[in-house]
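Residue-level listing of the chains:
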Amino acid sequence: MSSHSDDSRQEFFRELLRSLRVWDTELPHFDPGSAPADPLPLFQQWLREAAEAGAPEPHTMSLATADANGRPSVRTLMLHDADARGWHFATHRTSQKGRDLAVRPQAALGFYWAAVGRQVRVRGTVTAASAAESRADLAKRSTGALAAALVGHQSETLASLSDLARASDAAWERAHREPDAPADTWTLYVLEADEVEFFQGDAQRRHVRLDYRRTGDSSWARELLWP
């Protein structure tokens, strides 16, 4: 009886996956011949257009890292900036991703905007910003972001949700009382890209993929990839 129920549940799940629609809207056209020599302006343009198209939280991204044994981890977090230095994000250096980056300072980012059928993949070397720049980054964020940073203990084992509630209440109180309170382990990271790929989806599966590869300090080679 249990086996039959499990099989039915699995088949229902497979049918659900097959029934889901992909890009059931008109998608924008992307002409790779008009793309700039540097990937940064195109990335900024695509994020802006995703926001204008109503993509929810277009500044969220997947961050992939690997630990000392090469075991990968991926999670979703927010982009803080993208400039000539690279793509900026922040976390506690004592967290899983912080520990991964300490031993393997390479990472990959993934952005996906279903509203426009676009994704961007970024890969490169990550460096930690100074303590002063990390504090300045945190100071620009919301009270809630500061409270979350003050809670600390990210990725550590949590004994109970009541422990989290108590720590969170104390952190919120301190964040309101001290809007410039330091979170000592909070660290700003910058990923300097050596490869950036832009993917424009197509309803007929004729996806356009434009790949940028760094060839020098400020120069890039571009090539199309088969979808």
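A brief report on the enclosed structure follows. Here, residues in each chain are numbered from 1, in the same order as that chain's written sequence. Selection of residues for local features in this predicted model requires a pLDDT of at least 70, selection of side-chain atom pairs for listing and counting requires 80 or more, and totals for whole chains, interfaces and linings are taken over all residues. Working from all heavy atoms in the structure, the side-chain values ignore hydrogens and water.

**A short note on the overall build of the protein**
Working step 1: In DSSP terms, a helix is any run of H or I states spanning at least four residues, a strand is any run of E spanning at least two, and both are numbered starting from the N terminus. Looking only at helices and strands, the protein has six helices and nine strands in total.
Working step 2: Referenced to the eigenvectors of the C-alpha coordinate spread, the extents of the protein come out at roughly 65 × 55 × 40 Å.
Working step 3: Just so you know, the count uses Lys and Arg for positive and Asp and Glu for negative, and it drops His and the chain ends. Every charge is mapped to an atom, namely NZ of Lys, CZ of Arg, CG of Asp or CD of Glu. Both charge centroids of the protein, one from 27 positive and one from 32 negative side chains, sit 3 Å from each other.

**Some remarks on the nonpolar core**
Side chains of a nonpolar character, in soluble globular proteins, are inclined to be buried together.
Working step 1: Grouped together as the largest cluster of nonpolar side chains are 33 residues, with contacts concentrated most on F43, W87, F111, W113, V120, V122 and V196.
Working step 2: Those elements giving two or more residues to this core turn out to be α2 (39–52), β1 (60–66), β4 (86–92), β5 (106–113), β6 (118–128), β7 (186–200) and β8 (208–214).
Working step 3: Other than its neighbours up to four places away in sequence, W87 contacts F43, L79, D81, A82, L109, F111, V122, Y189, V190, L191, A193 and V196. Residues belong to one nonpolar core when they are buried, are Ala, Val, Leu, Ile, Met, Phe, Trp, Tyr or Cys, and are joined through side-chain atoms within 4.5 Å. Exposure categories follow from relative accessible area, calculated using a 1.4 Å probe and restricted to protein chains: below 20% of the type maximum is buried, above 50% is exposed, and the middle band is partly exposed. Pairs of residues are marked as contacts when any of their non-hydrogen atoms sit within 4.5 Å.

**Structural notes on helix α3 (residues 96–103)**
Working step 1: Of all the positions in α3, only K97, G98, D100 and L101 are classed as buried. Each buried residue of α3 lies within a common arc of 160° when the element is viewed along its axis, so the set occupies one face.
Working step 2: The secondary structure elements touched by the buried residues of α3 are β1, β2 (72–78), β4, β5, β6 and β7. The directions considered for the arc are those from the helix axis to the C-beta atoms.

**Some thoughts on the pattern of salt bridges**
Working step 1: A carboxyl oxygen of Asp or Glu within 4 Å of a side-chain nitrogen of Lys or Arg is what we treat as a salt bridge. A complete count under the given rule lists 17 salt bridges for this structure.
Working step 2: In this structure, the salt-bridge partner of E11 is R14, at a minimum N-O distance of 3.8 Å. Of this pair, E11 and R14 both sit in helix α1 (residues 2–19), three residues apart, which is roughly one turn of the helix.
Working step 3: Classification of E11 by relative accessible area gives partly exposed; the value is 31%.

**A closer look at helix α5 (residues 143–151)**
Working step 1: The set of residues buried in α5 consists of A145, L146, A147, A149, L150 and V151.
Working step 2: Each element contacted by the buried residues of α5 is listed here: β4, α4 (131–139), α6 (161–177) and β7.
Working step 3: Positive phi appears at G152, one or two residues downstream of α5, with a value of about 65°.

**Structural notes on the packing of α5 against α6**
Working step 1: All axes here are fitted lines through C-alpha atoms, helices being fitted over the stretch that makes contact, and every angle between N-to-C directions spans 0 to 180 degrees. In the contact formed by α5 and α6, the axes pass within 8 Å of each other and the chain directions differ by 130°. With respect to their mutual orientation, α5 and α6 come out oblique. Viewed along their axes, α5 and α6 form a crossing whose handedness is right-handed. In contact with T143, G144, L146, A147, L150 and V151 of α5, α6 contributes A167, S168, A171, W172, R174, A175 and H176. Working rule for angles: under 35 degrees goes down as roughly parallel, over 145 as roughly antiparallel, 65 to 115 as roughly perpendicular, anything else as oblique. Left-handed describes a crossing whose near helix is turned anticlockwise from the far helix by less than a right angle; the clockwise case is right-handed.

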